[in-house]
Amino acid sequence: MHRKTAPKVKDGRVQKKNRHKITSNYWNFRQDSLQIDIESSGKGYKHFIKKRDIIRFLELLPNWEEINVEFDAILLAQGGGMDGWYSNGVIGICAWDKNKTCFLDKDYFNEHRDLFERLGLEYEKKKDGVLCHFTDSQIKAYQLLHILLHEIGHHHDRITTKNKYRSARGEKYAEDYAIKYEKLIWDLYFDEFGY
């Protein structure tokens, strides 16, 4: 029996072999249910939140049915450069520096000072910013109670705008959304996750 291993050539073009269909994933197709995925954290970074933490956290949200529209995935993304991002139904929560310190400019620190103080964060004021020393549980709380809620705010913005194509109301809307829901679920969070 002769077995052919090379694809056939027709009219000078190599023919595709076997599968030609694009693999469906959350980047190119809407998902039936929320996917939670993990990327490598990157050198010098670590994921302080786990898939199970995200699932437990989302169960605390009072408006889950409202936001679970075209919400395709949460990606524990590679660290470096930003805290998180949102792109058309996909949220990325970036890995945190392994040494658990974070240097913030004064404006960013002051905008989030209330949250940092309620978390009991230790910090040092420097000439050009603030050096923050986080614990594992403080990182988890900050990433879930602020960063994830902020990115969900961008998603809520997109799904409630007229064209449903982009987040039209921007950073202020996402920040206000995060602050509103953080206050609503603060006690529930610490009942569920401890401190």
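Residues numbered from 1 in each chain as written. Predicted model: local features only at pLDDT ≥ 70, side-chain atom pairs only at ≥ 80, totals over all residues. Heavy atoms only, no water.

> What is the right way to read the layout of surface pockets from this model?
Taken as a whole, the largest pocket spans an internal volume of roughly 310 Å³. Around the largest pocket sit 17 residues that line it, and Tyr 108, His 146, His 150, Glu 171 and Glu 175 are the ones nearest its centre. Secondary-structure elements contributing two or more residues to the lining of the largest pocket are strand S6 (84-87), helix H3 (106-111), helix H5 (136-160) and helix H6 (170-193). The element contributing the most residues to the lining of the largest pocket is H5, with five residues. Estimates place the volume of the second largest pocket at around 240 Å³. Taken together, 13 residues form the lining of the second largest pocket, with Tyr 45, Met 82, Asp 83, Ala 95 and Cys 102 sitting closest to its centre. Mapped onto the lining of the second largest pocket, the elements with two or more residues apiece are strand S8 (96-97), strand S9 (101-104) and H5. (1 Å grid on protein atoms, 1.4 Å probe; cavity = no way out; pocket = protein on both sides within 12 Å on 5 of 7 lines; lining within 4 Å. Points joined across faces, edges and corners; volume = space filled by probe spheres on them. Helix = DSSP H or I, 4+ residues; strand = E, 2+ residues; numbered from the N terminus.)

> Where do I start with the nonpolar core in this structure?
Most often, soluble globular proteins have nonpolar side chains that are buried together. Among the nonpolar cores identified, the biggest contains 44 residues, and Phe 57, Leu 58, Phe 134, Leu 148, Ile 152 and Tyr 189 are the most heavily contacted of them. The leading source of residues in this core is H5, at nine residues. Ile 152 has contacts with Leu 58, Leu 61, Ile 67, Phe 71, Ile 91 and Tyr 177, leaving out every residue within four places of it along the chain. Among the nonpolar cores identified, the runner-up in size contains six residues, and Tyr 26, Leu 75, Ala 77 and Cys 94 belong to it. (Core = buried A, V, L, I, M, F, W, Y, C linked by side-chain atoms within 4.5 Å. Buried < 20%, exposed > 50% of the residue type's maximum accessible area, 1.4 Å probe, protein only. Contact = heavy atoms within 4.5 Å.)

> What is the right way to read the packing of aromatic side chains from this model?
The geometry of an aromatic ring pair comes down to the distance between the two centres and the angle between the two planes. Applying the stated criterion to the full structure yields 13 aromatic pairs. Plain terms: the ring middles of Phe 109 and Phe 116 are 5.5 Å apart, the flat faces sit at 25° to each other, and that makes the pair stacked. As far as burial versus exposure is concerned, Phe 109 and Phe 116 are alike and both buried. Ring centres of Tyr 189 and Phe 190 lie 4.9 Å apart, and the angle between their planes is 85°; this geometry places the pair in the edge-to-face category. (Phe/Tyr/Trp six-rings, centres within 6.5 Å; stacked < 30°, edge-to-face > 60°.)

> What is the right way to read H6 from this model?
Spanning 24 residues, H6 covers only 30 Å between terminal C-alpha atoms, well under the ideal 34 Å at 1.5 Å per step. Its axis deflected by about 55° at Ile 185, H6 carries its strongest bend there. Buried positions along H6 lie against helix H1 (51-58), helix H2 (64-67), helix H4 (113-118) and H5. (Expected span 1.5 Å × (residues − 1). Bend = angle between axes of the 7 residues up to and from the residue.)

> Explain the environment of Asp 107 here, please?
Here Asp 107 is to be found in helix H3. In the structure, Asp 107 is positioned 23 residues away from Val 130 in sequence and 9.7 Å away in space, judged by C-alpha atoms.

> It is not clear to me how the side chain of His 156 should be interpreted in this structure. Could you clarify?
Relative to the helices and strands, His 156 resides in helix H5. Overall, the relative accessible area of 9% leaves His 156 in the buried class.

> What exactly am I supposed to notice about the sheet that holds S9 here?
Backbone hydrogen bonds hold the strands of a sheet together, and the pairing may be parallel or antiparallel. Sheet architecture is open: three strands sit in the order S9-S11-S10, paired in antiparallel fashion. Lying at the two open borders of the sheet, with one neighbouring strand each, are S9 and strand S10 (122-126). Looking at each pair of strands side by side, their axes are set apart by 20° on average, direction ignored. Pairing between S10 and strand S11 (residues 129-133): five bridges, direction antiparallel. Following the sheet pairing, Tyr 123 is matched in S11 by Cys 132. (Pairing = 2+ DSSP bridges. Axes fitted to C-alpha atoms, helices over the stretch in contact; angles between N-to-C directions.)

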